[in-house]
Amino acid sequence: MFRSLGKKKAKPDTTVDRGILVFENTTDVIRAENVLKAEGWKVRVMGPPPEIRSGCDLVIEFPLIEELSMIRKLEENNIKPTQVVPVNSVLLEPVDLLHEKEYDQYLMVRAANMKITVDRDTKMIVNVSGGGCPDVPYLAGEMVNKHLDAAPLPRDIGYTLCAYALQIAYDRVVEKCSL
Amino acid sequence: MFALVGTVPEDKFPLASGTVVLEGEEIIVANKRIAVNRGTPAMIAAAAVTMHYLGKPAPYCFLVGDIGDGVGCKLLYKHLEEYLPSSTLATLALHYFQPDVGLFKKMLAAVKKMPLRPTLIADAGFMYVAKMGGDASTFDLFTPDAGELAYLADEKAPHPFYTRGFILHDENLIPDLIKRAYQYNNAASYLLVKGAKDYIANREGIMEIVDSPNEEALEPIGGTGDTLTGVVSALIAAGLDIRTASVKAAKINRLAGSYAKPTPATQVYDIIKQIPPALESVLNH
């Protein structure tokens with residue numbers, strides 16, 4: 001069955017006052033997102049516009065007027081965007097549907113192309129599959145056969161959009177296993 | 001010659017190329033030992049087992065360590081760009097890799113300079129970047145799962161992570177997604193769509209469906225799609241046409257999975273061990 005990732009956030013009324021922060025890799029995007037949201041800024045992780053898209057990319061959409069203070073905060077946390085540009089085209093929305101499937105005591109959650117499976121009785125991660133970026137086999141090696149509480153998080157050790165998708169699936173697994 | 005390209009999930013693993021040797025639960029390439037658990041090593045192991053069964057030479061591999069930062073992949077993209085124009089590879093299977101459209105297009109330009117055009121097979125990151133760059137139709141075979149097929153079917157998505165919900169929704173049937181992928185030229189000449197049912201299709205539509213044996217527990221197991229890509233690539237390298245190879249590979253992979261008596265916690269090497277009896281059953285009975 002598919003479930004939405006919750007209520008869709010209201011879209012901004014206009015894009016003319018929005019900018020995007022571009023980073024070297026997805027790990028920096030995730031770190032920046034955490035820092036900025038913790039400070040209360042309304043930012044969104046999105047897909048980059050075609051003109052700056054090179055492959056496995058994410059950007060952070062932010063209110064342009066707050067550029068200086070946001071950059072300062074990121075620098076305080078040793079995070080440096082490679083580009084800061086105004087939004088001049090429609091940005092892509094990340095996947096917002098999750099697929100869940102149960103096999104006896106096992107629960108599998110799929111987000112986009114990434115799947116994680118846990119034993120609900122023991123809360124052990126028994127498999128990670130899917131994806132195509134090179135951190136997927138690495139993440140699987142680091143996470144499989146570990147307890148949900150002890151496994152490293154994809155957002156902490158991954159680099160790519162596949163890692164970001166796996167984090168979404170992992171979050172849902174944690175939510176379901178805590179019910 | 002039959003070659004496989006992909007990554008090893010180790011930061012320090014150097015760029016390595018050579019003929020693969022399968023030894024226990026490891027593969028050996030250029031004297032480097034790699035555990036077969038999932039990803040490209042699982043694909044290589046499945047291909048090597050298949051070639052050995054068929055009495056054919058072991059595949060050649062191009063590997064590099066990369067844990068997702070793309071550093072190793074950049075080296076291998078560059079190496080392939082230099083190596084391929086003078087090579088005589090007949091079958092080239094491309095697998096887990098960092099999508100980088102610019103570097104990929106340079107590599108593809110090198111493929112086009114080869115004296116004989118190889119049969120091109122892509123899965124995982126190479127399939128993503130082929131679609132991202134508008135080069136899907138250059139390939140002969142893609143092996144997506146249902147989620148990846150939805151990505152191919154979404155003409156606006158540059159990565160599966162951005163597949164739009166109305167396409168990703170499970171109300172969309174696989175046949176519709178296949179049709180849409182071809183409609184926007186985002187599919188290879190053939191598709192082998194792996195899942196509860198395996199679909200073999202081309203631009204004209206679905207040619208074959210393989211749906212037995214059906215082991216539901218195979219879906220969560222990391223590496224079962226990789227073994228399918230390895231087996232079908234080996235069968236093509238051994239001389240089968242793509243359609244026949246796809247149908248037989250789907251049957252072989254399902255049978256190997258069934259022989260392993262899988263649970264969602266099974267690891268892929270247990271399935272690779274069952275490929276020889278599955279090959280025997282499908283090819284000789």
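(A) Structural detail: the environment of B:Met107. Residues and elements named next belong to chain B. Examined against the element boundaries, Met-107 turns out to sit in helix α3 (residues 101–112). Considered as a pair, Met-107 and Leu-76 are 31 residues apart in the sequence and their alpha carbons are 9.7 Å apart. Beyond its immediate sequence surroundings of up to four residues, Met-107 is in contact with Tyr-77, Leu-80 and Glu-81.

(B) Quick peek at helix α5 (residues 146–153) of chain B. Of all eight residues making up α5(B), eight are buried, and the element is well covered by its neighbours. Looking at α5(B), one finds that the buried residues are B:Ala146, B:Gly147, B:Glu148, B:Leu149, B:Ala150, B:Tyr151, B:Leu152 and B:Ala153. Structurally, α5(B) contributes buried residues whose contacts are with β7 (106–111) and β9 (124–130) of chain A together with α4 (124–132), α6 (165–168), α7 (174–183) and β10 (190–193) of chain B.

(C) How the structure looks around the sheet that holds strand β2 (residues 18–22) of chain A. Residues and elements named next belong to chain A. Reading across from one edge, β3-β4-β2-β5 is the order of the four strands in this open sheet, with antiparallel pairing throughout. At either margin of the open sheet sits one strand with a lone partner, and together these are β3 (44–46) and β5 (83–86). Taken over all neighbouring pairs, the strand axes of this sheet differ in orientation by 30° on average, direction set aside.

(D) Broad picture of the interface of chain B and chain A. Contact residues are listed per partner, giving 45 residues for chain B and 43 residues for chain A. For the side of chain B that touches chain A, the secondary-structure elements that each account for two or more residues are α3, α4, α5 and α6 of chain B. By residue number, the principal contributor to the side of chain B that touches chain A is α4(B), which donates six residues.

(E) Up close: the environment of A:Ile60. Residue and element names in this part refer to chain A. Following the sequence through the fold, Ile-60 ends up in strand β4 (residues 59–63). For Ile-60, a count of 25 C-beta atoms within 10 Å corresponds to the buried category. It is 38 Å that separates the C-alpha atoms of Ile-60 and Asp-121, two residues lying 61 residues apart in sequence. Apart from residues no more than four positions distant in its own chain, Ile-60 is found in contact with Ile-20, Leu-21, Val-29, Ala-32, Glu-33, Val-43 and Val-45.

(F) Geometry of the confidence of the model for chain B. Looking at chain B as a whole, the pLDDT averages 95, with 99% of positions reaching at least 70. Under the prediction, the complex receives an ipTM of 0.90, its pTM being 0.88.

(G) Representation of the domain arrangement of chain A. Residue and element names in this part refer to chain A. Segmentation of chain A into domains returns domain 1 (8–86) and domain 2 (97–177). Here the C-alpha centroids of domain 1 and domain 2 sit 25 Å apart. A breakdown of the residues in the side of domain 1 that touches domain 2 according to their chemical character gives three nonpolar, three polar and no charged.

(H) A look at the pairing of strand β7 (residues 91–94) of chain B. All names here are of chain B. Every second residue of β7 is oriented toward a common face, with Thr-91 and Ala-93 on one face and Leu-92 and Leu-94 on the other, all of them buried. Sheet topology note: the strand β1 (residues 2–8)/β7 ladder contains four bridges and is parallel. Along β7, the bridge assignment pairs Val-5 with Leu-94. Pairing of β7 with strand β8 (residues 119–122), which is carried by four bridges, proceeds in the parallel orientation. Looking at β8, one finds that Leu-94 is bridged to Ala-122. Viewed along the sheet, the connection from β7 through α3 into β8 turns out right-handed.

Reading the values: the criteria
Residues numbered from 1 in each chain as written. Chains lettered and ligands numbered in written order. Predicted model: local features only at pLDDT ≥ 70, side-chain atom pairs only at ≥ 80, totals over all residues. Helix = DSSP H or I, 4+ residues; strand = E, 2+ residues; numbered from the N terminus. Contact = placed C-beta atoms within 7 Å. Buried ≥ 20, exposed ≤ 12 C-beta atoms within 10 Å, placed from the backbone. Pairing = 2+ DSSP bridges. Axes fitted to C-alpha atoms, helices over the stretch in contact; angles between N-to-C directions. pLDDT = per-residue confidence, 0-100. Domains from an automatic or database assignment. Nonpolar A, V, L, I, M, F, W, Y, C, P; charged D, E, K, R; others polar. Right-handed = clockwise from strand over helix to strand, strands pointing away.

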